[in-house]
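# An overview of the molecular structure
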Amino acid sequence: MQTVALTPPSLVSPAFVWPASGTQFLPVTGHVTDRLFVTYRAPARALAPLVPDPFELDTREGCGFLSVCAVEIVRMGIAGTPRFLRFDNREFLYRLAVRFGGESTFVTLRSDVSSPSLALLGRYFSHYRPRRAAVRLFREASSVRMECLSRDGSGDAVLDVDTAAEAPANGSVFGSAEEATRFLLGMRFSADSVRGRVRVQPIDHSPWSPHFVPARACRFAFVGELGQKLGTSFEYDGTLATRDVDQHRRAARWL
């Protein structure tokens, strides 16, 4: 996987501006059909401008981690509601690994979603910063391909993997898929910060076993543009895949 050459620090645009976010005050459940988790690493000092107070960057071997979660969730809705009040959603979510209170968590920079309901309601009731996009998923045998066409082009993405294949971990800073899962996906909650005040959302899921898979196509406009703003290059670390997982996002709360 190639590392894209980006603009030098002298041409860096202003630091990332966090879009407004909301609070999900009701629990939401759904079933994950496919979840593909692509991770990039960059020098910790380069990612420091992204970290909102009072979080700290979560690092390993001097690197911070930006991940892209490409996921399809079906029967998504407020916990306990009937099927006709639920919806399906495909999504590309961009997250930064951070620490708070001695625990690993993540903050979401943006998400591009296929569901009109989620895009609308998420403006007020989600700290995942959803925006409407055309997100498509294609399956053929063990091949899974997801594509995103965003309204402004900044969220355009293509990801194509073979979920039945096993990729070696030798290109990753993590020695195994289990180790990568613990560090990158083992958080008990997601988090957000509004004017220095922290909001967290506990997340539960059924048992899973993510494994490294080879990415045959892996292009994210947002990652490239963010690297240009920060004056750094994001290096591909690996892709984890899992499927058929029940997910429960509990109500968010302020700390």
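Structure: see above.
A brief structural summary. For clarity, every value in this text was computed on a predicted model and none was experimentally measured.

Another point: the environment of Asn 170. Structurally, the position occupied by Asn 170 is in the loop between strand S8 (157-162) and helix H3 (177-185). In sequence terms Asn 170 and Gly 238 are 68 residues apart; their C-alpha atoms lie 9.5 Å from each other.

Aromatic ring pairs are defined here through the distance separating the ring centres and the angle between the ring planes. Evaluated as defined, the whole model comprises 13 aromatic pairs. Geometrically, the ring pair formed by Phe 16 and Trp 18 is edge-to-face, given 5.3 Å between the ring centres and 85° between the ring planes. Accessibility expressed as a relative area gives 23% for Trp 18, which makes it partly exposed. Members of the aromatic cluster, joined through ring pairs, are Phe 16, Trp 18, Tyr 40, Phe 92, Tyr 94, Phe 220, Phe 222 and Tyr 236. It is Arg 95 that lies over the ring of Phe 106; its NZ or CZ is 3.6 Å from the centre.

Taken together, the side chains of Phe 25, Leu 26, Ile 78, Leu 120, Leu 121, Tyr 124 and Phe 125 present a nonpolar region at the surface, about 680 Å² in accessible area. Looking at the nonpolar patch, the element that brings in the most residues is helix H2 (residues 116-125), giving 4 residues. Summarising the element assignment, Ile 78 is placed in strand S3 (residues 63-78).

In this fold, Ser 172 is placed in the loop between S8 and H3. Within the structure, the side chain of Ser 172 is placed 2.6 Å from the side chain of Asp 237, a separation counted as a polar contact.

Because an α-helix completes one turn every 3.6 residues, residues spaced three or four positions apart along the sequence face the same direction. Looking at H3, one finds that the buried residues are Ala 177, Ala 180, Thr 181, Phe 183, Leu 184 and Leu 185. Each element contacted by the buried residues of H3 is listed here: strand S1 (28-43), S3, strand S4 (87-100), strand S11 (211-212) and strand S13 (235-249).

In the structure shown here, the tally under the stated rule is 0 disulfides. You can see Cys 63 has no disulfide; the closest cysteine sulfur is in Cys 218, sitting 17 Å from it. A relative accessible area of 15% places Cys 63 in the buried class. For Cys 69, which is in no disulfide, the shortest distance to another cysteine sulfur is to Cys 218 and amounts to 13 Å.

Let's shift gears to the side chain of Thr 105. Among the secondary structure elements, Thr 105 is positioned in strand S5 (residues 103-113). At 2.6 Å, the side chain of Thr 105 forms a polar contact with the backbone oxygen of Phe 189. Residue contacts for Thr 105: discarding those within four places in its chain leaves Leu 96, Ala 97, Val 98, Phe 100, Met 187, Phe 189, Ser 190 and Ala 191.

Take Gly 238: it is sitting in strand S13. For Gly 238 and Gly 30, which are 208 residues apart along the polypeptide, the C-alpha to C-alpha distance reads 26 Å. Residues within four places of Gly 238 in sequence aside, it is in contact with Phe 37, Val 38, Thr 39 and Phe 212.

Parameters and conventions
- Residues numbered from 1 in each chain as written.
- Predicted model: local features only at pLDDT ≥ 70, side-chain atom pairs only at ≥ 80, totals over all residues.
- Heavy atoms only, no water.
- Helix = DSSP H or I, 4+ residues; strand = E, 2+ residues; numbered from the N terminus.
- Phe/Tyr/Trp six-rings, centres within 6.5 Å; stacked < 30°, edge-to-face > 60°.
- Buried < 20%, exposed > 50% of the residue type's maximum accessible area, 1.4 Å probe, protein only.
- Lys NZ or Arg CZ within 6 Å of the ring centre and 35° of its normal.
- Patch = residues over 30% accessible without salt bridge, like charges linked within 9 Å, V, L, I, M, F, W, Y side chains within 5 Å.
- Areas by Shrake-Rupley, 256 points an atom, 1.4 Å probe, with all protein chains shown as cover.
- Salt bridge = Lys/Arg side-chain N within 4 Å of Asp/Glu carboxyl O.
- Polar contact = N/O pair within 3.5 Å; in protein donor to acceptor, adjacent residues only side chain to side chain.
- Contact = heavy atoms within 4.5 Å.
- Disulfide = S-S within 2.5 Å.

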